[in-house]
Amino acid sequence: MKGAYVHIPFCEHICYYCDFNKVFIQKQPVDDYLNALDKEISEGLSRAESDLETVFIGGGTPTALDNQQFHKLLKIIDRHLITPKIKEYTIEANPENLNETKFKLMKDYGVTRLSLGVQTFQNDLLKEIGRPHSCDDVIDIFQEARLSGFDNISIDLMFGLPNQTEKMLKESIEKAMILEPDHISIYSLQVEPKTIFYNRMKKGKLHLPGQDVEANMYELVISELDKHGYIHYEISNFAKKGFESRHNLLYWSNEQYFGFGAGSHGYVQNSRVVNAGPVKNYIQLVEETGSGQFASHTVTRKEKIEEELFLGLRKLSGVKKKRFYEKFHCQINDLYGEEIERLKQQGLLYEDEEKIALTRKGVFLGNSVFEAFLA
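So, how was this worked out
Residues numbered from 1 in each chain as written. Predicted model: local features only at pLDDT ≥ 70, side-chain atom pairs only at ≥ 80, totals over all residues. Heavy atoms only, no water. Helix = DSSP H or I, 4+ residues; strand = E, 2+ residues; numbered from the N terminus. Buried < 20%, exposed > 50% of the residue type's maximum accessible area, 1.4 Å probe, protein only. Polar contact = N/O pair within 3.5 Å; in protein donor to acceptor, adjacent residues only side chain to side chain. Contact = heavy atoms within 4.5 Å. Phe/Tyr/Trp six-rings, centres within 6.5 Å; stacked < 30°, edge-to-face > 60°. Lys NZ or Arg CZ within 6 Å of the ring centre and 35° of its normal.

**What to know about unusual backbone geometry**
Gly 60 follows Gly 59 through a cis peptide bond whose omega is 25°. Structurally, Gly 60 can be placed in the loop between strand S4 (54–59) and helix H2 (67–80). The phi torsion at Lys 194 lies on the positive side, around 65°, for a residue other than glycine. If you trace the backbone, Lys 194 turns up in the loop between strand S8 (183–188) and helix H7 (196–202). Lys 194 sits in the exposed class, given a relative accessible area of 81%. A positive phi angle, near 50°, is found at Gln 269, a position not held by glycine.

Shown next as structure tokens:
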């Protein structure tokens, strides 16, 4: 295992679009959760070999913890997961719950990368999607992060939001460019069950841009970020050269990784594993067994091959034929020659001696490409 993901399921506010495993932090057993996390990580590392290069703390909102709890979390991570071999150590954060103490703690404990949830630079739109911060908050906290010594900052943006226009999206990108983040993740809104937006949609009260407008928005994102020198290295991710997310590249390269915490997912010893989601269930399970694991599935060779393709093709660099052969001892074209040829004829896939990769058109129709490699 080259990576470890650690999930902190607590939030001060619940965003209207979010379907991640999360709960309001008020009255939650945060310290009991951190104790369980400490035990699970220790036990998990003893059960599987690891050569960790990346650590990613996500949520939820890791920075929703108070200063003392946040310090306790960082001590746990430092004790178990941080070694001289770690090349990237990321923490997700929201602008409204960062402060001078947390910045100092992160620097003291060797955090190398900060991922800020921004989503948009329009205050009205931020309220529309349930975000408590303002545009000024983003600017202030970004500048404070730079002054604190963070030279690798990523921001998240979204498009296809309720009542969002192409003009508004362009304005958000322009304001982001003034900050000069090192990495940008930008996602189209997906309305998922069990979210506030899903309930609004069912009642006919969610007004979203149409598919054509959303496609135009994605085209705008790609062209604007290209103008500013950002490399489009994965369908939803852009980076200055050398600032691609090492941890997320593990996922897209179909590497194995630990998942710790309530509701986390991992890929360990050829099995996809899922932890219990409810906080109290997770704590009890770890106390009883030393693991939060709730379900697992041993990945078959066929599934590994399919995952290699539909995950690998998310990267704009595509799937390397040599690496595929080294992993599976067969040629991609021997298995999927017909599908590859058909997708090439449709202008969705590019092929040369080294790789297969999405074309510009294929990037817009990625799901159609991925489906071709699934049973």
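Further notes follow.
**A look at the side chain of His 247**
Within the secondary structure, His 247 is located in helix H9 (residues 246–252). Judged by its relative accessible area of 0%, His 247 falls in the buried class. A distance of 2.6 Å separates polar atoms of two side chains, one belonging to His 247 and the other to Tyr 251. Each residue touching His 247, except ones within four places of it in the same chain, is listed here: Gly 3, Ala 4, Tyr 5, Thr 54, Val 55, Phe 56 and Glu 88.

**Describing the packing of aromatic side chains**
Inspection of the entire model under this criterion finds twelve aromatic pairs. Taking 5.2 Å as the distance between ring centres and 45° as the angle between the ring planes, the aromatic pair formed by Tyr 33 and Tyr 282 counts as tilted. Of this pair, Tyr 33 sits in helix H1 (residues 30–47) while Tyr 282 sits in helix H10 (residues 279–289), and the two are 249 residues apart along the sequence. Ring geometry for Tyr 336 against Phe 373: centres 5.2 Å apart, planes inclined by 75°, an arrangement best described as edge-to-face. Of this pair, Tyr 336 sits in helix H13 (residues 332–345) while Phe 373 sits in the segment after helix H15 (366–371), and the two are 37 residues apart along the sequence. The burial state of Tyr 336 is the same as that of Phe 373; both residues are buried. Through a chain of ring-to-ring contacts, the aromatic side chains of Phe 10, Tyr 33 and Tyr 282 assemble into a single cluster. Of note, Lys 107 hangs over the ring of Phe 150, and the distance from its end group to the ring centre comes to 4.7 Å. The ring of Tyr 267 has Arg 272 sitting right over it, with the charged end atom 3.8 Å from the ring centre.

Just distances and angles here, no functional claims.
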